[in-house]
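Structural features, examined
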Amino acid sequence: MTVRHRDRVPPLVWDSVLPALLLLNVATTYPARELPVAAALTAALALPLLWRRRAPLAVFAAVVAAACVQWLVDVQLPADVALLVALYAAAAHTGRRGTLLAAAVVEGGAVLACLRWASDGAFWTPFVALSATVVAAAVLGVNVRTGRAYLAAVQERAERQALHQEQQALLAVAEERARITREVHDIVTHNLSVMVALTDAAVYAQHRSPDRATAAMLQISETGRQALTDMRRSLGVLRADEPDAGRHPLPGIAQLAALAGQMAAAGLPTGLEVRGGHAHVPASAQLTVYRLVQEALTNTLKHAPAGTRARVLVECSAGSVGVEVTDSGPRPALPAGAAPPSGHGIPGMRERAAAYGGTLRAGPLPGGGWGVRTRLLLGSGGTGAV
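Residues numbered from 1 in each chain as written. Predicted model: local features only at pLDDT ≥ 70, side-chain atom pairs only at ≥ 80, totals over all residues. Heavy atoms only, no water.

Describing the packing of helix H6 (residues 81–93) against helix H7 (residues 96–117)
For the pair H6 and H7, interaxial distance at closest approach is 9 Å and the crossing angle is 170°. Between H6 and H7, the interaxial angle falls into the category roughly antiparallel. Contacts between H6 and H7 involve Leu 83, Leu 87, Ala 90 and Ala 91 on the former and, on the latter, Thr 99, Ala 102, Ala 103 and Val 106. Each residue belonging to the contact of H6 with H7 can be placed in one class, and the counts come to seven nonpolar, one polar and no charged. (Axes fitted to C-alpha atoms, helices over the stretch in contact; angles between N-to-C directions. Helix = DSSP H or I, 4+ residues; strand = E, 2+ residues; numbered from the N terminus. Parallel < 35°, antiparallel > 145°, perpendicular 65-115°, else oblique. Contact = heavy atoms within 4.5 Å. Nonpolar A, V, L, I, M, F, W, Y, C, P; charged D, E, K, R; others polar.)

Encoded structure:
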């Protein structure tokens, strides 16, 4: 409470207290014949202290000049304490050299004062006492300056830390946005491609084979429900009240067989081979494997001609998981000078593989068809793939 009330008072009010007390002391203690000189010298020593916060070195020089005049006219005054206050202000606002120079000047004045005004030749006692006050004033000023610099450094460090945390939060938001974009792209693209293929098959078979058309329509319905479940599962982490996110586990290597069956129903016969046990593979890495296979098969379903067959090979070892998806269908040739179609599929797969230290290679195979290959390193973290 004392600090709070003190901060409400303007600094000039506090700075004027000592000069007012010194002038009041002169006015009440000195006789009338000595009062003009004493009051003038006191004013010259004390009044500059009003500006010691704004110009500490100029105030120190003015007080030293007034003390020199006082010494020359041989008048002792209580206002000599202004020298110590000015020294404190100079030490609090200047560097080491300025502080040492100001302390040396005041110490020289202490020597001159003791030589002139020490009684009965007693020099050392007042000299030691005055020297101790000079050192104390200088040390107090240095401590104030050091504390102010320390607080400024702490504040700057706190501001840098806050800026760093804000940048990290922005990066986390960007990474989460990219993760959600990849998940939504894979889910929507895959399921819509399957539903479009099944719809075409149902339309084609509705007159020749109504049973096959009905089965295709049921498969479309199941694919749509699966897409909704995947969307709830992927976006459920953004909502605390989403009940389905906790009930449905993330897809992994064990769900690749169902994925292959779904692709076969959509018109892309898919063979699956899993080598090695995958129980030790983290859930996030298994999700990455599933999404890579899903995206590769979806691209084949969209771009390869009818009659194409696909093959999926997953090799699990102690420290890595290899993924290879190949198909037998050639991609349609591009017109001369045409750029390859742009999209998020392959870049998204590369980002997923890079999260586990893998380099994804996608391109035509020497014997025909298309292939996607990568190897995920399980010791590479993969936080971005979740």
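Quick notes on the pattern of salt bridges
By the definition in use, this model includes six salt bridges. Note that Glu 156 and Arg 160 form a salt bridge whose closest N and O atoms lie 3.3 Å from each other. Of this pair, Glu 156 and Arg 160 both sit in helix H8 (residues 124–205), four residues apart, roughly one helical turn. Arg 160 sits in the partly exposed class, given a relative accessible area of 48%. (Salt bridge = Lys/Arg side-chain N within 4 Å of Asp/Glu carboxyl O. Buried < 20%, exposed > 50% of the residue type's maximum accessible area, 1.4 Å probe, protein only.)

Brief notes about the nonpolar core
Burial of nonpolar side chains together is a common tendency in soluble globular proteins. If you look at the biggest cluster of nonpolar residues, it comprises 34 residues, and the most contacted ones within it are Leu 256, Val 289, Val 293, Leu 297, Val 314 and Val 321. At the level of secondary structure, the elements contributing two or more residues to this core comprise H8, helix H11 (256–265), helix H12 (283–303), strand E2 (310–316), strand E3 (320–327), helix H13 (345–354) and strand E5 (370–377). When residues of this core are assigned to their parent elements, the largest contribution, eight residues, is made by H12. In this structure Leu 297 touches Leu 259, Met 263, Leu 268, Thr 270, Ala 310, Val 312 and Val 325, once residues within four positions along its chain are discounted. Counting residues in hydrophobic clusters, the runner-up holds 29 residues, among them Leu 22, Val 85, Ala 103 and Val 134. (Core = buried A, V, L, I, M, F, W, Y, C linked by side-chain atoms within 4.5 Å.)

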